[in-house]
Amino acid sequence: MSRRRLAAGLLGLALPLASQASSSLASEMGCYNCHGQPMRAEAPSFERLSAKFAKRNGQAGAEQHAVDELLQGEGFRHIPAHEHLSPETARKLVHWLFEGGK
Ligand code: HEC
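Residues numbered from 1 in each chain as written. Predicted model: local features only at pLDDT ≥ 70, side-chain atom pairs only at ≥ 80, totals over all residues. Heavy atoms only, no water.

Compared with an ideal rise of 1.5 Å per residue, which puts 12 residues at 16 Å, helix 7 (residues 87-98) spans 16 Å between its outermost C-alpha atoms and is within 8% of the ideal. By the burial criterion, the buried members of helix 7 are Thr89, Ala90, Leu93, Val94, Trp96, Leu97 and Phe98. Structurally, helix 7 contributes buried residues whose contacts are with helix 2 (22-28), helix 3 (32-35), helix 4 (46-54) and helix 5 (62-72). Backbone geometry just after helix 7 places Gly100 at a positive phi near 115°. (Helix = DSSP H or I, 4+ residues; strand = E, 2+ residues; numbered from the N terminus. Expected span 1.5 Å × (residues − 1). Buried < 20%, exposed > 50% of the residue type's maximum accessible area, 1.4 Å probe, protein only. Contact = heavy atoms within 4.5 Å.)

What follows is the structure, encoded as structure tokens:
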């Protein structure tokens, strides 16, 4: 009971920090190695991805769908940098992109 309340309190503290930290999280995770300038391996820029995601922002399940796609790879495309993300980190980064990727 009290432990659960503590966890909820910690989560409340962590969430605002997490949403601010995402562009540094993205560089920490090496995302800009391919999605930055100059781009590599046909990776779309985060600017373009955010523009694409912005159209789906607010649609039920759209964010979760993007997270799943990122973690599982699409078709024959498998990108280890995507697939090795923890679900939690993937969710944060996708959320950041849905919010504009700034
Ligand atoms: C080794 C290069 C590489 C790295 C590192 C990389 N990506 Fe990608 N990413 C790609 C490529 C290539 C595509 C395009 C895939 C395609 O066209 O199917 C892509 C596509 C994406 C997409 C779009 C998927 C969609 O729905 O179309 C997202 C979101 C994404 N990357 C996020 C990330 C994040 C977040 C990181 C950092 C953890 C990251 N990528 C690191 C190469 C990379």
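Our next topic: the nonpolar core. Ala26, Phe46, Leu93, Trp96 and Phe98 are the most contacted members of the largest nonpolar core, which totals 16 residues. When residues of this core are traced back to their parent elements, those giving at least two are helix 2, helix 4, helix 5 and helix 7. Not counting the four nearest positions on each side in its chain, Phe46 is found in contact with Ala26, Cys31, Tyr32, His35, Trp96 and Leu97. (Core = buried A, V, L, I, M, F, W, Y, C linked by side-chain atoms within 4.5 Å.)

All right, on to the coordination of the iron atom of the ligand then. Protein coordination of the iron atom of the ligand is provided by His35 (NE2) and His82 (NE2), with donor distances spanning 1.9 to 2.0 Å. Viewed at the metal, the six donor atoms of the iron atom of the ligand are separated by angles of 84 to 179°, and the geometry they form is octahedral. Remark: His82 occurs in helix 6 (residues 80-83) and His35 occurs in helix 3; sequence separation between them is 47 residues. His35 sits in the buried class, given a relative accessible area of 12%. (Donors = N, O, S within 2.8 Å, 3.2 Å for Na, K, Ca; no water. Tetrahedral: all angles 85-135°; square planar, octahedral: opposite > 155°, others 65-115°.)

Looking now at the pattern of salt bridges. Going through the model one piece at a time under the given rule, you end up with one salt bridge. The salt bridge partner of Arg91 is Glu88, with a shortest N-O separation of 3.2 Å. Remark: Glu88 and Arg91 occur in helix 7; sequence separation between them is three residues, near one turn of the helix. Taking relative accessible area as the criterion, Arg91 reaches 36% and is therefore assigned partly exposed. (Salt bridge = Lys/Arg side-chain N within 4 Å of Asp/Glu carboxyl O.)

Within the span of helix 5, buried status applies to Ala62, Ala66 and Val67. In an axial view of helix 5, the angular spread of the buried residues amounts to 140°, which keeps them on one side of the axis. Contacts from the buried residues of helix 5 go to helix 4 and helix 7. Positive backbone phi, at 80°, marks Gly73, one or two positions downstream of helix 5. (Arc of directions from axis to C-beta.)

Next up on the list: the environment of Phe98. Summarising the element assignment, Phe98 is placed in helix 7. Looking at Phe98, the relative accessible area reads 2%, which means it is buried. In sequence terms Phe98 and Ser50 are 48 residues apart; their C-alpha atoms lie 5.9 Å from each other. The contacts of Phe98, once residues within four sequence positions are left out, are Phe53, Arg56, Asn57, Ala62, Glu63 and Ala66.

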